[in-house]
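Close look at the chain arrangement
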Amino acid sequence: MVLAWKLGLQLNRFYAPLPPDLAAWYWLGLPSVFWLFAAGLLFLIAVSGLYHPRGHWKNYLRLAQVLSLGYLLALAIAYFYDPKVDLPRSLFFSAWGLSVVFAVVLRLAVSLGFKLWTLRQPIRAFLVAPPERQEHLSNLLEQRSNYKIVGRAIATMANEPETLTEILNCQAQEVIVEGLPPAHLASALYWQLRQHGIALRLVPSSLEMLYRRGTPEIVAALPTLRVDMTYLNGWEYRLKRYLDVILALFGIVVLAPLFIGVAIAIKLTSPGPVFFRQERVGLHGQVFQMWKFRTMRADAPQLQAQLEAQNESADGILFKVKNDPRRTRLGSFLRKTSIDELPQLFNVLWGDMSLVGPRPLPLRDVARFHSWHHIRHQVLPGITGLWQISGRSQIGNFDEAARLDLYYIDNWSLNLDLEILVETVRIVLFGTGAY
């Protein structure tokens, strides 16, 4: 806020001086009106829960809304206090806009820093699941997150006194549960854990993910969830498109030297074109050409059929070969750093893709989809998404990726997009899960 007002005052000098009534005294080069306003604004942010670790501190859009509300309230209060005291418009609007931008950008950076710090602090978790799923879930949680499994119990024993005693003895911070058959078991377990301050995390099945959101209602004296269709529209979704275009243009301009350098390097190290174009399935099943920097031999598409037997995907829907012999030495580096994906910024400009959304897949993969997998085609595909920040190439079963896509569609918000972008930056910097 100090930086925003400093820049605002510099801009204001070209238009109108600050009224003396608003500058009774100065401290650190800023007038009294700023310090009074700042104190009130910080109080407003605090009561909104934006500083609480378990509140809304990662809700970047809410922070922008609270800041904007504070500025508008200050404008109204100033008018009713004395209509003759008029804050220069150049100062007001520049300080308002810069405060929002600086506060949100700083909080995004702080979120990234907290994420890196929390990854070094393992979360002690107790796993409750069917016997045949325990080993798989334990490996999944420990390999792809900062969870440390400190104990296990089978789902049918979830509400036994021995299980609760074991959870307490393990000093678990969270209990992760999959496959509790009756609803009352989950409810009883929740209230038992709540008494001891332990969080409960339920893992839904694929079927439950299809009916994942509902409005609580009482019908015939029964608690029910009314399941409604999710529509991505409204001003937030339109703003998403505007931000996509602005950020894509900015990225292309800033990264132009990198584009040129990579293009020259590809030409010098292997014969063939600089870019690789492939047909992918996008919004409403429409096919489009997705662009990437070429990371394989020029005849890679023709050789894929010979490598199908080496496919490491568990269900065969995705095509993944970790040590793909078609890849060039430079291509391995480009994939590890995700630089090969940067040309998709042009796909964003053309409207085929968004910065964030379900990853568009080749025709070969989509032809192997189950019917419910096609729900992911109800939104624009993205350069990055929940799938990419939750395991990327480590995800072996496409059902896992599809569940992440369904979660994204049902819970979409600009704030979720910002969280995904922050996590994408962390993953790209450390090369997690890429090959």
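Note that the coordinates shown come from a computational prediction; the quantities given were computed from them, not determined experimentally.

Another aspect to go through is the overall build of the protein chain. Across its full length, the protein chain carries 17 helices and 13 strands. Counting only residues that meet the buried cut, the protein chain has 42% of its 435 residues in that class. When contacts within the protein chain are restricted to residue pairs at least 6 apart in sequence, long-range pairs at least 24 apart make up 69% of them.

Next up on the list: the sheet that holds strand E5 (residues 174–178). The sheet built from four strands is open, its strands ordered E4-E3-E5-E6 with parallel pairing. At either end of the open sheet lies a strand with only one pairing partner, and these are strand E4 (147–154) and strand E6 (199–203). Pairs of neighbouring strands in the sheet enclose a mean axial angle of 25°, with direction left out of account. Inspection of the sheet shows strand E3 (residues 123–129) paired to E4 by seven bridges, in the parallel sense. Paired with Leu-127 across the bridge in E4 is Arg-152. This element, helix H6 (residues 161–169), spans E3, E4 and E5 of the sheet and lies at about 160° to E3.

Glancing now at the pattern of salt bridges. Taken as a whole, this structure holds 13 salt bridges when the rule is applied. Note that Asp-365 and Arg-364 form a salt bridge whose closest N and O atoms lie 2.5 Å from each other. Taking the relative accessible area as the measure of exposure, Arg-364 reaches 16% and is therefore buried. Salt bridges linked by common partners bring Lys-292, Asp-340, Glu-341 and Arg-359 together as one network.

Bringing empty space enclosed by the protein into the picture now. Inspection of the entire model under this criterion finds one cavity of 30 Å³ or more. Taken as a whole, the largest cavity encloses approximately 40 Å³ of empty space. Lining the largest cavity are Val-281, Gly-282, Pro-358, Arg-359, Pro-360, Arg-376, His-377, Val-379, Leu-380 and Pro-381. Residue composition of the lining of the largest cavity, grouped by class: six nonpolar, two polar and two charged.

This part covers the side chain of Thr-163. Relative to the assigned elements, Thr-163 resides in helix H6. Judged by its relative accessible area of 4%, Thr-163 is buried. Thr-163 has contacts with Phe-126, Ala-153, Met-157 and Ala-158, leaving out every residue within four places of it along the chain.

So, about the packing of aromatic side chains. Per the counting criterion, the structure on display carries 18 aromatic pairs. The interplanar angle of 40° and the centroid separation of 6.2 Å between the aromatic rings of Trp-5 and Phe-37 together place this pair among those described as tilted. Taken together, the residues Trp-5 in helix H1 (residues 2–12) and Phe-37 in helix H2 (residues 32–47) connect sequence positions 32 residues apart. Taken as a pair, Trp-5 and Phe-37 share a single burial class, namely buried. Here the aromatic rings of Phe-369 and Phe-398 are separated by 4.9 Å at their centres, their planes lie at 25°, and the arrangement is stacked. Of this pair, Phe-369 sits in the loop between helix H14 (363–366) and strand E13 (382–384) while Phe-398 is found in helix H16 (residues 398–410), placing the two residues 29 residues apart along the sequence. In this structure Phe-398 comes out as buried when scored by relative accessible area, which is 0%.

Right, let's get into the sheet that holds strand E12 (residues 361–362). If you walk across this open sheet you meet the three strands as E10-E9-E12, and the pairing is antiparallel. Two strands lie at the open edges of the sheet, namely strand E10 (287–293) and E12, each paired on one side alone. Across seven bridges, the pairing between strand E9 (residues 275–281) and E10 is antiparallel. Bridged to Glu-279 within E10 is Gln-289.

It is worth spelling out a nonpolar patch on the surface at this point. Side chains of Leu-116, Leu-119, Val-425, Leu-429 and Phe-430 sit close together on the surface and give an oily, nonpolar patch of about 460 Å² of accessible area. By the secondary structure assignment, Leu-429 is in helix H17 (residues 414–430).

A separate point is the environment of Ile-154. Relative to the elements of secondary structure, Ile-154 occurs in strand E4. Given the relative accessible area of 33%, Ile-154 is considered partly exposed. Residues Ile-154 and Glu-132, 22 residues apart in the sequence, show an inter-C-alpha distance of 9.5 Å. Each residue touching Ile-154, except ones within four places of it in the same chain, is listed here: Val-128, Ala-129, Pro-131 and Gln-134.

Now for the UniProt feature "transmembrane region" (unreviewed entry) in the protein chain. Annotation from UniProt places "transmembrane region" (unreviewed entry) at residues 24–51, 63–81, 93–114 and 245–266. Strand forms 14% of residues 24–51 and helix 57%; the C-alpha atoms that close the span are 31 Å apart. In residues 93–114, the share of helix is 100% and the share of strand is 0%. The end C-alpha atoms are 31 Å apart.

Turning to helix H11 (residues 300–307), its buried residues are Ala-300, Leu-303, Gln-304 and Leu-307. Burial along H11 is one-sided: seen end-on, the buried residues are contained in an arc of 130°. With respect to the buried face of H11, the exposed residues turned more than 90 degrees away are Gln-302, Ala-305 and Gln-306. Looking at the packing, one finds that the buried side of H11 touches H14.

The rules we used
- Residues numbered from 1 in each chain as written.
- Predicted model: local features only at pLDDT ≥ 70, side-chain atom pairs only at ≥ 80, totals over all residues.
- Heavy atoms only, no water.
- Helix = DSSP H or I, 4+ residues; strand = E, 2+ residues; numbered from the N terminus.
- Buried < 20%, exposed > 50% of the residue type's maximum accessible area, 1.4 Å probe, protein only.
- Contact = heavy atoms within 4.5 Å.
- Pairing = 2+ DSSP bridges.
- Axes fitted to C-alpha atoms, helices over the stretch in contact; angles between N-to-C directions.
- Salt bridge = Lys/Arg side-chain N within 4 Å of Asp/Glu carboxyl O.
- 1 Å grid on protein atoms, 1.4 Å probe; cavity = no way out; pocket = protein on both sides within 12 Å on 5 of 7 lines; lining within 4 Å.
- Points joined across faces, edges and corners; volume = space filled by probe spheres on them.
- Nonpolar A, V, L, I, M, F, W, Y, C, P; charged D, E, K, R; others polar.
- Phe/Tyr/Trp six-rings, centres within 6.5 Å; stacked < 30°, edge-to-face > 60°.
- Patch = residues over 30% accessible without salt bridge, like charges linked within 9 Å, V, L, I, M, F, W, Y side chains within 5 Å.
- Areas by Shrake-Rupley, 256 points an atom, 1.4 Å probe, with all protein chains shown as cover.
- UniProt positions renumbered as here; feature names shortened; annotations may be inferred.
- Arc of directions from axis to C-beta.

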